[in-house]
Amino acid sequence: MGIKYTNNELFFDVVEELHAIVDANGQVVSSDITGKIEANSRLSGLPDALLTFVNPQVMVDAAFHPCVRFSRFEQDRSLSFVPPDGHFELATYRAVYQGLAPFYVTPKLSFHRDTGRLNVMLGLKAGSKDVAEKGVQDVRVSVTLPEAADSVRLDASQGNFSFDTMTKELRWDVGRIGQQRSPSLSGTIHATSGAEFDAHAAPSVLVDFRLPMTILSGLKIDTVSLTNEKYKPYKGVRSITKAGHYEFRTA
């Protein structure tokens, strides 16, 4: 019974978002991870699937698709289910995580009268060998400057930057950070004629990024097995960590 496919396939994506706030001294104010396991099922008949994990204990506040047998998860932290057809969200969870992404961000921002000074440096942290091989991808830095900001004179060692005079958003599209690259953005910010900056202004810097094939929580799908059908499907697992709300304060 059920749908029949010429090619039977079952894919999983483990997607985590890192949320963090870092103060001006580089100390972590808060940090945690939200994650989800997405599935795409193209399977004939009604097979029974079983997922086992490495480090399943990191999953807290977990919620599951109705197809998941929760009693089995309570028993041994594995997921037993009959996959629905097509795309579906198998599970969501939160993971306690006290660290940051494996690259540093050092923003410095100050204002005096009609001029501001900005310097942002990025780079891989020492010991990030695995990340260095794949690189940190789609890195973007953004900061909303004070209302008095009218123009910027900046130099980017990598990527491109833009300043929106209406929203006051300064955006730096860095691109990829690899082992040999430590990008920087530096220069001055200028106020509208006749205006001055508040010397105590301290806008936060937001950072966006992607870490392909990396899961910071340590969760990993260990095995994917199917029963109740005779065929052997193609199975695939991918993983990625992305920035959630990733904020660096400047004062």
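Per the counting criterion, the structure on display carries ten salt bridges. Across the pair Arg 238 and Asp 13 runs a salt bridge whose closest N-O atoms are separated by 2.8 Å. Taken together, the residues Arg 238 in strand S16 (residues 234–248) and Asp 13 in strand S1 (residues 9–22) connect sequence positions 225 residues apart. On the accessibility criterion, Arg 238 (53% relative accessible area) is exposed. Salt-bridge contacts for Arg 249 lead to Glu 247; the nearest nitrogen and oxygen are separated by 3.5 Å. Looking at Glu 247, the relative accessible area reads 12%, which means it is buried.

As paired elements, strand S9 (residues 136–144) and strand S12 (residues 169–177) share seven bridges and run antiparallel to each other. Note that in S12 the partner of Val 141 across the bridge is Trp 172. In this sheet, strand S14 (residues 205–212) lies alongside S9 in antiparallel orientation, the contact comprising five bridges. Within S14, the residue paired with Val 141 across the bridge is Val 207.

Reading the values: rules and limits
Residue numbering note: each chain is counted from 1, following its sequence as written. Restriction of local features to residues with pLDDT of at least 70 applies here, the model being predicted, together with a cutoff of 80 or more for giving and counting side-chain atom pairs; totals for whole chains, interfaces and linings are based on all residues. Side-chain metrics in this entry use all non-hydrogen atoms of the structure; hydrogen atoms and water are not considered. By salt bridge we mean one thing: a side-chain nitrogen of Lys or Arg within 4 Å of a carboxyl oxygen of Asp or Glu. Going along the chain from the N terminus, every DSSP run of H or I of four or more residues is numbered as a helix, and every run of E of two or more is numbered as a strand. Each residue gets one of three labels from its accessible area relative to the maximum for its type: buried under 20%, exposed over 50%, partly exposed in between, using a 1.4 Å probe on protein chains only. DSSP calls a pair of strands paired once it identifies at least 2 bridges connecting them.

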